[in-house]
Amino acid sequence: MSNLVSELLAKMTTEEKIGQLIQLTGDFFQDGKAAITGPINELAHLKLQTVYSVGSVLGVSGAADVRRIQENYLANNRLKIPLLFMADVVHGYQTIFPIPLGLGASFDPTVMETASGIAAKESVAAGLHVTFAPMVDLVRDPRWGRVMESTGEDSYLNSVMAQAAVKGFQGDSPWDEKHLAASVKHFAAYGAPEAGREYNTVDMSEWRFREQYLPAYSAAINAQAMLVMTSFNTLFGVPATQNQHLLRDILRDELGFHGVVITDWNAIEELVHHGTVRDLKDAAQKALAAGVDIDMMAFAYAEFLNKAVELEPGVLKLIDESAQRILELKETMGLFADPYRGLDESKEKDPEFIRDNLVQAQKAAEESLVLVKNHRRTLPLSQRQNLAVIGPVAQTGDLLGSWSWKGDVETTQSIADALVDTFSEIVTAPGCGYHSFNKQQVEQAKLLASDADVIVAAIGLPSSESGEATSITDISIPAEQIALLKELKTLNKPLISVVITGRPLLLKEVHTLSDAVLIGWFPGSKGAQAIANILSGKVEPSGRLPMTFPLNLGQVPLYYNAYSTGRPIEVGQKNGEYKYVTKYVDSSNEPLYPFGFGLGYGKILLTDMTMVSNSLKMNDQLILDVTLTNDSPRDSKTVLQCYTHQKVGETVRPLKELKWFKKVTVEKQSSLKIQVNIPVARLASVHQDLSTKVDVGDYQVMVGFDSMNLKVLDFKVKE
Ligand code: NOJ
């Protein structure tokens, strides 16, 4: 413990220490006075003195507001301990990057690191110290609205992206004035609610949790994330926010996390609803016992203030530990040296400050868009072609996605506007609404489109339909939009669908009706321009799917790295050929688009692959020399992907697991040699005793450009 922190702790009363453990929204600090308006009126027990001793504030940003609140607070706080300001800066602050699912689709950790770094820089100027990101929850059920905030269904991709995000937010020295502290969330397994229903029960074996869900949190913690946020859900039968096994045994003891644990919003109070505590006081005690440092908006720790004199020595010790961790975070962030660290009103308002950031946002969007169909090279379009841009998403700036903080939909360029800049002639009309259709509107769109060379259908969902609390039971593209596509199809022109979405959707009909399909996600502030650049061929599509797109809802959850079963369906086996295998009688097991899938405009082939040694020891690396050849007349990009499979394990093994990937450019008419290095340690699996280790035995490595079409080589791991 530093001198500063120990001296402060020695001076602090128990009430002041408890104060550090409380987080309030900005509403309590309105008008620069500790508020006497807003929620405080409803909480008679929260005295003004308590407000002047709380440790942190959430949801306020903007240099002027932060300065005003901090100044007023410091003038009233006995020991002049500055407030920490926290907010959900997820995929950008002023400059909005693609949603995290899109950043995952870039399959390029430098894209995630850059996006997070820029988000940090802009947030710091606005007075923030901590972001509630990255969300690294593994997701497999597109009914859950928050899949948009994750980087997808694969634990290795999620781990790589988690590390990159923490590095971007925090930098090498989080206390410099360009970086924020990151809170990895939601610990743990929040992305696996039953039936994809928000806030529902999560239940899985600890073996499975450790195999697939834990790695990304662990990666973020290894990257030195300074905070961890607990999740709303239960895990192993106990809500995360009071789960000692999760928060003490696994998080603190095993993963070695020494930072601050914060709850999700009101999560301590919700323990009462879970029925695992008697009342709010019991909830507070159980959360504290589990090692929760900050109570976000449940007022449960605030209840302790009145009872401080009655607290047992064991509880006082826990309060001391939490207060120490929070003060250490403030010290690390440089707040004692400068409570107004990084805050800069002039930068906030200066368009120059974000100009370069917008360039990066466009690059990120270009890397994240996924071309999933391109029949007879419909794309790229020639700039001389006349375009009709039709669809409910054509003329809207609603391309930012949930959590876009200061991003402004009103001033965000629409897809139609971006295409105007690129193509000679454009006509545009909505054709239908997101969920509405009328004959007149569609006829008008068809009339406009009848003179065009090509139709771009901008379809999908508004941002309000993905994100927190937006679980749905039907992941189809709305029937009204399918009806529009059918009408447009009657014009017999090339039809390109650009799909704006925060989650995998059922796109079978879109696929059948369209000549080309581009998944746009919510691509951010410069997303429309990125889409225009891909359609015109100025930029090569290089995003790959970070989640499986199912064929139908009944297959959900569908993910590529399923475990071996006792009755596998053989490759090429027709449905109906055998009854008693793992399959549906009314649907194939296959997805519409598999994990890792995406097309480019050039044609890159894997023309050679050799293994340096097929017999490896525990400390070795699996080394492959791979040759990629691009015979096409344009430079092309792809994502080379390597999966492994352990033939015999102590516990069942996934059919394949991503272990390495790299985005590469292969110049036209040329070959590129790439060396793949996979440390044998990365082949570790979780055993029955929950230990994680590598087994000796036979393995396969599978190499290709998506999770389905792969070249296989065998190798062995020896003692
Ligand atoms: C609830 C969300 O689950 C969490 O991700 C977010 O950080 C908090 N609200 C604070 O806004």
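Remember, it's a predicted structure, so these values are computed and weren't measured experimentally.

Trainee: Tell me about the pattern of salt bridges, and please be specific about residues and values.
Mentor: For the structure on display, the rule yields 28 salt bridges. With a shortest N-O distance of 3.6 Å, Lys-167 and Glu-113 are connected by a salt bridge. With Lys-167 in helix α7 (residues 155–170) and Glu-113 in helix α6 (residues 109–125), this pair connects stretches of sequence that are 54 residues apart. The partly exposed category is assigned to Lys-167, whose relative accessible area is 43%. The salt bridge involving Asp-293 is made with Arg-252; its shortest N-O contact spans 3.0 Å. Separated by 41 residues along the polypeptide, Asp-293 in the loop between α11 (280–290) and β10 (295–296) and Arg-252 in helix α9 (residues 244–254) bring together distant segments of the chain. Judged by its relative accessible area of 0%, Asp-293 falls in the buried class. Several salt bridges share partner residues, and in doing so they unite Lys-439, Glu-443, Lys-446 and Glu-487 into one network.

Trainee: Describe the pairing of strand β5 (residues 181–187), and please don't skip the residues or the numbers.
Mentor: A large share of β5 lies buried, amounting to 7 of its 7 residues. Both strand β4 (residues 130–131) and β5 contribute to a ladder of 2 bridges, which runs parallel. Paired with Val-130 across the bridge in β5 is Ala-181. Bridging between β5 and strand β6 (residues 227–230) involves 3 bridges; their strand directions are parallel. Bridge pairing in β6 places Ser-183 opposite Leu-227. The handedness of the β5 to β6 crossover, carried by helix α8 (residues 206–222), is right-handed.

Trainee: Let's hear about the site of the ligand: which residues, and what values?
Mentor: Taken together, 13 residues are adjacent to the ligand, and Asp-88, Arg-146, Lys-185, His-186 and Asp-264 come closest. Here an oxygen atom of the ligand and a side-chain polar atom of Asp-88 are 2.5 Å apart. Here Asp-264 contributes a side-chain N or O atom positioned 2.5 Å from an oxygen atom of the ligand. Alone, the ligand offers 300 Å² of accessible surface; in the complex the protein occludes 93% of this. Residue classes in the shell around the ligand are distributed as 7 nonpolar, 1 polar and 5 charged.

Trainee: Give me the packing of aromatic side chains: which residues, what numbers.
Mentor: Each aromatic ring pair is specified by the distance between its two centres and by the angle formed by the two planes. This structure, assessed with the given rule, holds 19 aromatic pairs. Summarising the aromatic geometry, the rings of Tyr-93 and Trp-405 are spaced 6.4 Å apart at their centres and angled 45° between planes, so their arrangement reads as tilted. One end of the pair, Tyr-93, is in the loop between β3 (84–87) and α5 (100–105); the other, Trp-405, is in the loop between β12 (386–390) and α16 (415–422), and 312 residues separate them in sequence. Exposure remark for Tyr-93: the relative accessible area of 1% places this residue in the buried category. For the pair Phe-549 and Tyr-593, a centre-to-centre distance of 6.1 Å together with 55° between the ring planes defines the contact as tilted. In this pair, Phe-549 sits in the loop between α20 (527–536) and β17 (604–611) while Tyr-593 sits in the loop between α20 and β17, placing the two residues 44 residues apart along the sequence. Among the aromatic side chains, those forming a connected cluster through ring pairs are Phe-107, Tyr-156, Tyr-560, Phe-595, Tyr-643 and Phe-661. Above the face of the Tyr-340 ring, Arg-67 is positioned so that its terminal group lies 5.2 Å from the ring centre. A cation sits over an aromatic face here: Arg-140 above Tyr-559, 3.8 Å from the ring centre.

Trainee: If you had to explain the environment of Gly-433 to someone new, which residues and values would you point to?
Mentor: Take Gly-433: it is sitting in the loop between β13 (425–429) and α17 (439–449). Once the C-alpha coordinates of Gly-433 and Thr-638 are considered, the two residues, 205 residues apart in sequence, prove to be 35 Å apart. In this view, Gly-433 contacts Pro-392, Gln-441 and Gln-481; residues no more than four positions away in its chain are not counted.

Trainee: An account of the pairing of strand β19 (residues 621–630) is requested, with residue identities and associated values reported.
Mentor: Across the 10 residues of β19, 7 count as buried, placing the element largely inside the fold. Across 7 bridges, the pairing between β17 and β19 is antiparallel. Following the sheet pairing, Asp-608 is matched in β19 by Thr-627. Of the strand pairs in this sheet, β19 and strand β22 (residues 670–679) are connected by 10 bridges, and their pairing is antiparallel. In the sheet register, Thr-627 faces β22, and the bridge partner there is Lys-673.

Trainee: If you had to explain the domain arrangement of the protein to someone new, which residues and values would you point to?
Mentor: As far as domains go, the protein holds domain 1 (3–346), domain 2 (365–536) and domain 3 (602–717). The C-alpha centroid of domain 3 is placed 35 Å from the C-alpha centroid of domain 2.

Trainee: Lay out the packing of helix α10 (residues 267–274) against α11 in plain terms, naming residues and giving numbers.
Mentor: At a minimum axis distance of 8 Å, the contact between α10 and α11 shows a crossing angle of 115°. At the point where α10 passes α11, the crossing takes the right-handed sense. Where α10 approaches α11, its residues Ile-268, Glu-269, Leu-271 and Val-272 are matched on the opposing element by Leu-280, Ala-283, Ala-284 and Ala-287.

Trainee: How would you summarise the side chain of Thr-25 if you had to cite specific residues and measurements?
Mentor: In this fold, Thr-25 is placed in strand β1 (residues 22–25). When its relative accessible area of 8% is taken as the criterion, Thr-25 is described as buried. Discounting chain neighbours no more than four positions away, the residues touching Thr-25 are Val-57, Leu-58, Trp-265 and Met-297.

Trainee: Provide a residue-level description of the sheet that holds β6, including the pertinent values.
Mentor: The strand order across the open sheet built from 8 strands is β9-β6-β5-β4-β3-β2-β1-β10, with neighbouring strands paired in parallel fashion. What marks the edges here is a single partner per strand, and that holds for β9 (260–262) and β10.

Trainee: Pulling in residues and values, what's your account of the packing of helix α15 (residues 351–368) against α20?
Mentor: Running from N to C, α15 and α20 point in directions that differ by 50°, and their axes come no closer than 8 Å. For the element pair α15 / α20, the angle class is oblique. Where α15 crosses over α20, the handedness of that crossing is right-handed. From α15, Gln-362, Ala-365 and Glu-366 reach across to α20, where they touch Gly-527, Gln-529, Ala-530, Asn-533 and Ile-534. Residue classes in the contact of α15 with α20 are distributed as 3 nonpolar, 4 polar and 1 charged.

Trainee: Can you break down empty space enclosed by the protein residue by residue, with the values?
Mentor: Rolled over the atoms, a probe sized like a water molecule indicates the empty space that remains. Tallying each qualifying case throughout the model produces 6 cavities of 30 Å³ or more. Forming the boundary of the largest cavity are 17 residues, of which Val-90, Pro-100, Met-112, Pro-134 and Ala-165 lie nearest the centre. If you list the elements that add at least two residues to the lining of the largest cavity, you get α5, α6 and α7. Counting residues per element, the lining of the largest cavity draws most heavily on α7, which supplies 4 residues. Residues belonging to the lining of the largest cavity are distributed by class as follows: 13 nonpolar, 3 polar and 1 charged.

Trainee: For the layout of surface pockets, give the residues involved together with the corresponding values.
Mentor: Taken as a whole, the largest pocket holds about 1200 Å³ of empty space. Along its surface, the largest pocket is lined by 33 residues, and Ala-562, Ile-569, Asn-589, Glu-590 and Leu-655 are the ones closest to its centre. Put simply, the second largest pocket is a space of about 660 Å³. Of all the secondary-structure elements, those providing two or more residues to the lining of the second largest pocket are α7, α8, β21 (657–666) and β23 (685–686). The leading source of residues in the lining of the second largest pocket is α8, at 8 residues. Of the residues assigned to the lining of the second largest pocket, the class counts are 11 nonpolar, 9 polar and 8 charged. Two domains each provide a minimum of three residues to the lining of the second largest pocket, namely domain 1 (3–346) and domain 3 (602–717).

Calculation notes
- Residues numbered from 1 in each chain as written.
- Predicted model: local features only at pLDDT ≥ 70, side-chain atom pairs only at ≥ 80, totals over all residues.
- Heavy atoms only, no water.
- Salt bridge = Lys/Arg side-chain N within 4 Å of Asp/Glu carboxyl O.
- Helix = DSSP H or I, 4+ residues; strand = E, 2+ residues; numbered from the N terminus.
- Buried < 20%, exposed > 50% of the residue type's maximum accessible area, 1.4 Å probe, protein only.
- Pairing = 2+ DSSP bridges.
- Right-handed = clockwise from strand over helix to strand, strands pointing away.
- Near = heavy atom within 4 Å.
- Polar contact = N/O pair within 3.5 Å; in protein donor to acceptor, adjacent residues only side chain to side chain.
- Areas by Shrake-Rupley, 256 points an atom, 1.4 Å probe, with all protein chains shown as cover.
- Nonpolar A, V, L, I, M, F, W, Y, C, P; charged D, E, K, R; others polar.
- Phe/Tyr/Trp six-rings, centres within 6.5 Å; stacked < 30°, edge-to-face > 60°.
- Lys NZ or Arg CZ within 6 Å of the ring centre and 35° of its normal.
- Contact = heavy atoms within 4.5 Å.
- Domains from an automatic or database assignment.
- Axes fitted to C-alpha atoms, helices over the stretch in contact; angles between N-to-C directions.
- Left-handed = near helix turned anticlockwise from the far one by under 90°.
- Parallel < 35°, antiparallel > 145°, perpendicular 65-115°, else oblique.
- 1 Å grid on protein atoms, 1.4 Å probe; cavity = no way out; pocket = protein on both sides within 12 Å on 5 of 7 lines; lining within 4 Å.
- Points joined across faces, edges and corners; volume = space filled by probe spheres on them.

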